[in-house]
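Examining the three-dimensional arrangement
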Amino acid sequence: MIVRTIGAIAALALTGPVLADLHHDQVDQTGWYYLTNVDAARVGELLDEGNRLVDLEIQQADPIRFNVVAVPDSGAYATGWWWYHDATATQVDALLAQNDARLIDLEPYQSPSGQRFAVVMKPAGGVDEVAETDWVTGLTFNGVVDWVADNPGRRIHDIETYETLAGGIRYA
């Protein structure tokens, strides 16, 4: 698997120039929080204190537990944003359209109800607008390589591996 990961990184490095993304390229100093193995209620408490998520990982799918990174939703880091979990792919698409948003983090996982996603979104427009965004899931390693080759002016913002029920590794 390490060889495949190195190959994917090399393939990504060979793409053409892309525009900066303020979400990842912000350099103003700020406080931050890192919570591990917390439930959605604890994440909600952190957010109610005036913070916003910048990274989300699934610690455990059933019952759902998260690892999260958050920054204060103020100053240079203030923005509109949303987070959801236990969403199907169809629901993620609907939420992106409803919020006129783009994904900044995508976490696929198997729940007792089937394939689900936890996501963090930001507005599609505004100061850190990105010209084109989309998301794909279910790609094989070769599918990722093909996507990179077919999209030379774009970059992968977030990539996640996950196991399918059939036992195969896929990428989202």
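I will try to describe carefully the structure that is included in this document. Nothing here was measured: the structure is a model prediction, and the numbers come from that model.

**A look at the overall build of the chain**
Secondary structure summary: the chain contains five helices and eight strands in total. Listing every helix and strand of the chain by position from the N terminus yields α-α-β-α-β-β-β-α-β-β-α-β-β. The buried share of the chain, taken over its 172 residues, is 36%. Partitioning the intrachain contacts of the chain with sequence separation of at least 6 by distance along the chain shows that 60% fall at a separation of at least 24. In the structure as shown, the chain presents an accessible area of about 9600 Å², 54% of it carried by carbon and sulfur atoms.

**Here we look at the sheet that holds strand E4 (residues 82-87)**
Spatially, E4-E6-E5 is the arrangement adopted by the three strands of the open sheet, whose pairing is antiparallel. Looking at the sheet topology across the chains shown, the edges are occupied by E4 and strand E5 (101-111). For this sheet, the mean angle separating the axes of adjacent strands, direction not counted, is 15 degrees. In the sheet, E5 pairs with strand E6 (residues 114-123) via ten bridges, with the strands oriented antiparallel. Counterpart to Arg-102 in the pairing with E6 is Lys-122.

**Details of the sheet that holds strand E1 (residues 33-38)**
Here three strands make up an open sheet; going across it, the order is E1-E3-E2 and the pairing antiparallel. A single partner strand is all that each edge strand has here, and the edge strands are E1 and strand E2 (51-61). Adjacent strand axes in the sheet meet at a mean angle of 15 degrees when their direction is disregarded. As paired elements, E1 and strand E3 (residues 64-72) share four bridges and run antiparallel to each other. If you follow Tyr-33 over to E3, its bridge partner there is Ala-70. This element, helix H3 (residues 40-48), spans E1, E2 and E3 of the sheet and lies at about 160 degrees to E1.

**Some words on the pattern of salt bridges**
When charged atoms on two side chains of opposite charge get close, those side chains can pair. As enumerated under the stated definition, the model contains four salt bridges in all. The salt bridge partner of Arg-42 is Glu-45, with a shortest N-O separation of 3.6 Å. Here Arg-42 and its partner Glu-45 are both found in helix H3, three residues apart, which amounts to about one turn of the helix. With a relative accessible area of 28%, Arg-42 lands in the partly exposed category.

**Considerations on the side chain of Asn-99**
For Asn-99, the position within the fold is in helix H4 (residues 89-99). Polar contacts involving the side chain of Asn-99 include one to the side chain of Tyr-84, which spans 3.0 Å. Those residues in contact with Asn-99 that sit more than four places away from it in its chain are Trp-82, Tyr-84 and Met-121.

Procedures and definitions
- Residues numbered from 1 in each chain as written.
- Predicted model: local features only at pLDDT ≥ 70, side-chain atom pairs only at ≥ 80, totals over all residues.
- Heavy atoms only, no water.
- Helix = DSSP H or I, 4+ residues; strand = E, 2+ residues; numbered from the N terminus.
- Buried < 20%, exposed > 50% of the residue type's maximum accessible area, 1.4 Å probe, protein only.
- Contact = heavy atoms within 4.5 Å.
- Areas by Shrake-Rupley, 256 points an atom, 1.4 Å probe, with all protein chains shown as cover.
- Pairing = 2+ DSSP bridges.
- Axes fitted to C-alpha atoms, helices over the stretch in contact; angles between N-to-C directions.
- Salt bridge = Lys/Arg side-chain N within 4 Å of Asp/Glu carboxyl O.
- Polar contact = N/O pair within 3.5 Å; in protein donor to acceptor, adjacent residues only side chain to side chain.

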